[in-house]
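Listed here are the chains, written in short residue letters.
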Amino acid sequence: MDHSVQNNSLFTSIRQLIEESKQQVAVAVNATMGMLYWKIGTAINKELKKFEGEKNYGKQIVATLWRQLQSEYGTSFSEKNLRRMMQFADVFPDEKIVVSLIRQLSWTHIIVIIPIENPLKREFYIEMCKLEKWSVRTFRERIQSMLYERTAISKKPEKTIEYDLELLKSQQQLSQDLVFRDPYILDFLGLNDMYSEKDLETSIIVELQRFIIELGSDFAFMSRQKRITIDNRDYYIDLLFYHYIDLLFYHRRLKCLVAIDLKLGEFEAGFKGQMELYLRYLQKNEQIEGENNPIGLILCTGKNEEHIELMQLEQANIKVAEYLT
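Enquirer: Could you clarify how one ought to interpret the pattern of salt bridges in this entry?
Expert: Where charged atoms from two side chains of opposite charge approach closely, those side chains can pair. Counted by the stated rule, this structure contains 13 salt bridges. The residue Glu 79 makes a salt bridge to Arg 83 at a minimum N-O spacing of 3.4 Å. Pair noted here: Glu 79 and Arg 83 are both in helix α3 (residues 79–91), with a separation of 4 residues, about one helical turn. A salt bridge links Lys 156 to Asp 177, with the shortest nitrogen-to-oxygen separation between them at 4.0 Å. Highlighted residues: Lys 156 in the loop between α8 (147–150) and α9 (158–171) and Asp 177 in helix α10 (residues 176–179), separated in sequence by 21 residues. Each of Asp 182, Lys 303 and Glu 305 takes part in one network of salt bridges that share partners.

Put into structure tokens, the structure is as follows:
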């Protein structure tokens, strides 16, 4: 018997146990600290309500408290952090919601969330952060890039937004309106003022990982210049992606092929017919049992909203979005 192999196997299994335990401890500590901060914020807010007519006295209470706490427990209880705790308790008054939130997001994530005043916008970022497991840095970048405002859901009626977010929260069901964006920010491609469709496509392939991050982490690259043959004539789809289920780590997604067509200039009516051809071919020849019908995404540098509306692209399962380089 090879004892070195046996020892390596034992080491690997024990190492895995240690790492899993460390992760569980980290999660437990994060949840405990998050609940502590919420309770501190709640207690301070409750006390200050007794002196609502005495604003200056309220400030004195906080000033005295943070100095006492910081002196005994360190900078985690500075005035700035105490006010964050107060804001946390004010934004999330329901303890049940807080319990769920702190199990999945760190205190640093929560600090990023609480300044967002719009409840639906805030809920969108919370659910997307949980879904795509954003780091704090990525979370900040998403907010700074106005992801919510660029996502199709933000243009929908309030009731629709609430419904889609509740489906995502309770059933991990992702709607198309939560997936597709407009515009897409492609400034990382480093293109100069004069570039061709070929340059655009090549730059995307070079920066594929960053392009997929901009699309959404659930996109997986399948093919470049996908050739389809109809009546002995060749057609090419610029980029082909598959929106899929990852049984190991992710919840269900759209589960369908997404054909991306890259265009320079503004959207033209002829683009619709071309994309419809691609989608019908994919549906007939590439779609497998259990998949939803393919979706087309036409990326261009400009579009007329009324033009888009009159062409009824949504009924054809086609999205049109601008991209910014």
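Additional details are given in the paragraphs that follow.
Enquirer: Mind showing me how you'd approach the nonpolar core here?
Expert: In globular proteins that are soluble, nonpolar side chains generally tend to be buried together. Core analysis: the biggest nonpolar cluster contains 73 residues, and Phe 88, Phe 92, Phe 124, Phe 180, Tyr 184, Leu 297 and Leu 299 have the highest contact counts within it. Other than its neighbours up to four places away in sequence, Phe 92 contacts Trp 38, Ile 97, Val 98, Leu 101, Ile 113, Ile 114, Arg 122 and Ile 126. By size, the runner-up hydrophobic cluster in this structure holds 17 residues, among which are Leu 257, Met 275, Ile 298 and Met 311.

Enquirer: Just checking my understanding: could you explain unusual backbone geometry for this structure?
Expert: Glycine aside, residues mostly have negative phi, and peptide bonds are mostly found in the trans state. A cis geometry characterises the amide bond from Asp 182 onward to Pro 183, with omega recorded as 0°. Tracing the chain through its elements places Pro 183 in the loop between α10 and β1 (184–185). Positive phi outside glycine occurs at Gln 172, with the angle close to 55°. Examined against the element boundaries, Gln 172 turns out to sit in the loop between α9 and α10. The backbone of Lys 255 shows a phi angle near 55°, a positive value even though the residue is not glycine. Following the sequence through the fold, Lys 255 ends up in the loop between β3 (233–243) and β4 (256–262).

Enquirer: What's the story with the confidence of the model for the protein in this structure? I'm lost.
Expert: Close inspection of predicted coordinates is inappropriate in any region flagged by low pLDDT. Averaged over the protein, the pLDDT score is 85; the fraction of residues at 70 or greater is 88%. Ranking the elements of the protein by mean pLDDT puts β3 last, at 61, and α8 first, at 96.

Enquirer: Looking at this structure, how should I read the pairing of strand β6 (residues 318–324)?
Expert: One face of the sheet, then the other: side chains in a regular strand alternate in exactly this way. Of all 7 residues making up β6, 5 are buried, and the element is well covered by its neighbours. When β1 meets β6, the two strands line up parallel, connected through 2 bridges. Within the sheet, the bridge partner assigned to Tyr 184 lies in β6 and is Tyr 323. Inspection of the sheet shows strand β5 (residues 295–300) paired to β6 by 5 bridges, in the parallel sense. In the strand pairing of β6, Leu 299 is matched with Ala 321.

Enquirer: Help me understand helix α4 (residues 95–104), please; the structure alone is not making it clear to me.
Expert: Side chains of residues three or four places apart in an α-helix project in the same direction, reflecting 3.6 residues per turn. Burial in α4 covers these residues: Val 98, Leu 101 and Ile 102. The buried residues of α4 all sit within an arc of 90° when viewed along its axis, so they share a single face. Residues Lys 96 and Arg 103 are exposed on α4 and point more than 90 degrees away from its buried face. In this structure Asp 94 caps α4, since a side-chain oxygen of it lies 2.9 Å from the backbone nitrogen of Lys 96.

Enquirer: I tried to follow the environment of Val 258 on my own but got confused; where do I start?
Expert: Tracing the chain through its elements places Val 258 in strand β4. With 39 residues separating them along the chain, Val 258 and Phe 219 place their C-alpha atoms 8.9 Å apart.

Enquirer: Is there a simple way to think about a nonpolar patch on the surface in this case?
Expert: Together, Val 25, Val 29, Met 33 and Leu 36 make up a nonpolar patch on the protein surface, roughly 300 Å² of accessible area in all. Following the sequence through the fold, Val 25 ends up in helix α1 (residues 3–49). For Val 25, a relative accessible area of 51% gives the class exposed.

Enquirer: Would you explain the side chain of Ser 175 in this entry?
Expert: Checked against the element boundaries, Ser 175 lands in the loop between α9 and α10. Within the structure, Ser 175 has its side chain in polar contact with the side chain of Asp 164 (distance 2.9 Å). In contact with Ser 175, other than residues within four places in its own chain, are Asp 164 and Leu 254.

Enquirer: Please explain the packing of aromatic side chains as it appears in this structure.
Expert: How two aromatic rings sit relative to each other is set out by the distance from centre to centre and by the angle between their planes. One pass over the structure, following the stated rule, counts 11 aromatic pairs. The interplanar angle of 75° and the centroid separation of 5.2 Å between the aromatic rings of Phe 124 and Tyr 125 together place this pair among those described as edge-to-face. Within the aromatic cluster, the residues linked to one another by ring pairs are Tyr 37, Tyr 73, Phe 77, Phe 88, Phe 92 and Trp 107. Sitting over the ring of Phe 92, Arg 122 keeps its end group 5.6 Å from the ring centre. Its end group placed over the ring of Phe 271, Lys 263 keeps NZ or CZ at 4.7 Å from the ring centre.

Rules used in this analysis
Residues numbered from 1 in each chain as written. Predicted model: local features only at pLDDT ≥ 70, side-chain atom pairs only at ≥ 80, totals over all residues. Heavy atoms only, no water. Salt bridge = Lys/Arg side-chain N within 4 Å of Asp/Glu carboxyl O. Helix = DSSP H or I, 4+ residues; strand = E, 2+ residues; numbered from the N terminus. Core = buried A, V, L, I, M, F, W, Y, C linked by side-chain atoms within 4.5 Å. Buried < 20%, exposed > 50% of the residue type's maximum accessible area, 1.4 Å probe, protein only. Contact = heavy atoms within 4.5 Å. pLDDT = per-residue confidence, 0-100. Pairing = 2+ DSSP bridges. Arc of directions from axis to C-beta. Polar contact = N/O pair within 3.5 Å; in protein donor to acceptor, adjacent residues only side chain to side chain. Patch = residues over 30% accessible without salt bridge, like charges linked within 9 Å, V, L, I, M, F, W, Y side chains within 5 Å. Areas by Shrake-Rupley, 256 points an atom, 1.4 Å probe, with all protein chains shown as cover. Phe/Tyr/Trp six-rings, centres within 6.5 Å; stacked < 30°, edge-to-face > 60°. Lys NZ or Arg CZ within 6 Å of the ring centre and 35° of its normal.

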